[in-house]
Amino acid sequence: MPAVGGEQEAIMKITKHLIGACALAVGLAAPVHAQDIEKEFEEFKKQQLQEFDEFKNKADADFETFLREAWKKYDAFAPIPAPVRPEPPQPVEFDKTKPALPPVAVKPGKVKVPEARPFVPVKVEVPEVKPTGKPVRRIPVLFYGTTFEVASDAVDMLSLEGNKESDVADAWKDVCNKDYEQLLKDCLTIKQEKRLSDWAYLLFIKQLGIELYGQGRPDEVAFLQMFLLNKSGYKARLAKIDDRLKLLVATNSTIYATPYLTMDGDRYYVFEPAPNGSMGIYTYRKNFADARNLVSLDISGMPGFDMQDYTRELVSANGQLKVQAVVNKNLIDFYHDYPQCDVITHYKTPMSEELAESIYPALRAAVAGKSQKDAANLLLHFVQTAFDYKTDGEQFGYEKPNFPDETFYYPFCDCEDRAMLYSTLVKELLGLDAILLDYPNHIASAVCFTEDIAGDYVVLDDGRKYLICDPTYIGAPIGACMDQYKNVSPEIIR
């Protein structure tokens, strides 16, 4: 059972007391009148709920004290540059006229582990809302082409007098004294039901703030993000940078090209830092008591955005494979706003159902009944020739690995995008394990076949043999490593 925060611990304690009271009531039912039992039980429940409110109010009051104290100045660490991979300016063509050479055993390097802090998320329950008898007023929030409705009465009138410590503390006290539980419940329910990742949830709360206060009040938007993220269990805090309030978020893995602070062993990154902003950051000394979760950059499921179709036809050079790929433009817009993070985050993100349903039937039909060798070669030729090549620098101006759907949306892709796509197709269509081979200036794939197939390969520490398959080596069959990489030990991404 995962650990729980202070409020959840109090709720569990109250629940146990109430259950015990019920048992006691049953045991005494014979000699005591039912009305007396019910009266005593209601009084006991009222007392326990009052104790819980007092506990919650104390946590809010303690945090208000921290906010009101003079904030300390910290010097931010310079942004960690995104890994720059000098990718081949053009894909390499396989020379079919060269005589076949004996297979080469490429020595693998270490297994690449992303800089991620392991943690067990603290479960945060959707809060119960006390009935008030009043109708709940909700405002629409347009978020990546999808409209959500959120109760906003508790924060409608939020207005910071300024960005001094006392202004932030006053705002915290004011919102805590209101019935904000319905607002929090709506946000957490949307997160759960629409499968919003932590980063998507953070962006959703920002959009809620913009809907309430407009683009011209960024301090209020940042405060709302801090308040709701803290109440949702996340380690987020406010900071003052260049006389503006900015949000800091503690993540489970590296965000590149973004200034950060290290506090209590966590890296707090500046959310949407201003270009050439000051590295002097003022913030308070302690987190909110129930803010225990890191903001994860992982995406385990697709967010439930409304569909805005984008269709693209992709055909292999030999015409054997043709698909009509359908992607959700709203999802692409969300991915565009994702921070720069490790390539493994992109690799582990699943393909959307819309895309899979549009391309997999044709691909499955094409490989049905074929040997592993023929099926893998067919898919390899498709990825090699159906997509046009350009480096990230040429297409975007910076290093940007694609999420799976993005490779089917943008007009170009590079070696890492092709390698990730090919490995995914092999896993899902052929049921074979695949890895990425990360060279100093190139990424390829390698597949663990159960058939005996000749070709260049790597053998991992567990003894498993992976045949090199390079989606950027145009025309090359499975088992062909580019000549310049046969003596280079690639890192392994699994």
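Here the residue numbers are simple positions, counted from 1 along each chain's written sequence. Per-residue local features are limited, in this predicted model, to residues with pLDDT of at least 70; the limit for side-chain atom pairs, both in listing and counting, is 80 or more; totals at the level of whole chains, interfaces and linings are taken over all residues. Computation of side-chain values: all heavy atoms of the structure, hydrogens and water removed.

### Quick look at the confidence of the model for the chain
Working step 1: Summing up the model confidence of the chain, the mean pLDDT is 90 and the portion of residues at 70 or higher is 88%.
Working step 2: Known as pLDDT, the predictor's confidence for each residue is given on a scale from 0 to 100. Any two residues having at least one pair of non-hydrogen atoms within 4.5 Å are treated as being in contact. Note on residues 1-5: pLDDT under 50 across the span, and twelve contacts to partners over four residues away in sequence or across chains.
Working step 3: Long-range and interchain partners of residues 18-30, a stretch whose pLDDT sits below 50, account for nine contacts in this model, where long-range means more than four residues apart.

### Overview of the sheet that holds strand 19 (residues 491-493)
Working step 1: A pair of strands is considered paired only if DSSP assigns at least 2 bridges between the two. Elements are defined by DSSP. Helices are runs of H or I of four residues or more, strands are runs of E of two residues or more, and each kind is numbered from the N terminus. In spatial order, the strands read 16-17-15-14-19; together these five strands make up an open sheet with antiparallel pairing. The open sheet has two free edges, formed respectively by strand 16 (457-459) and strand 19, since each of these has just one partner strand. On average, adjacent strands in this sheet sit at an angle of 35° to one another, irrespective of strand direction.
Working step 2: As paired strands, strand 15 (residues 442-448) and strand 17 (residues 465-469) are joined by three bridges and run antiparallel to one another. The residue of strand 17 that forms the bridge with A446 is I468.
Working step 3: Note on method: axes are straight lines fitted to C-alpha atoms, helices fitted across the in-contact stretch only, with angles between N-to-C directions ranging 0 to 180 degrees. The sheet strands contacting helix 13 (residues 415-430) are strand 14 (433-439), strand 15 and strand 17, and the helix crosses strand 15 at an angle near 15°.

### Remarks on the pattern of salt bridges
Working step 1: We define a salt bridge as a side-chain nitrogen of Lys or Arg found within 4 Å of a carboxyl oxygen belonging to Asp or Glu. Inspection of every chain in the model, using the stated rule, returns 25 salt bridges.
Working step 2: D60 is the partner of K231 in a salt bridge, and the nearest nitrogen-oxygen pair spans 2.7 Å. Of this pair, K231 sits in helix 6 (residues 218-231) while D60 is found in helix 2 (residues 34-68), placing the two residues 171 residues apart along the sequence.
Working step 3: Note that K206 and E272 form a salt bridge whose closest N and O atoms lie 2.8 Å from each other. One end of the pair, K206, is in helix 5 (residues 198-213); the other, E272, is in the loop between strand 8 (266-270) and strand 9 (280-283), with 66 residues separating them in the sequence.
Working step 4: Taken together, the shared-partner salt bridges in this structure form one network comprising K98, D456, D483 and K486.

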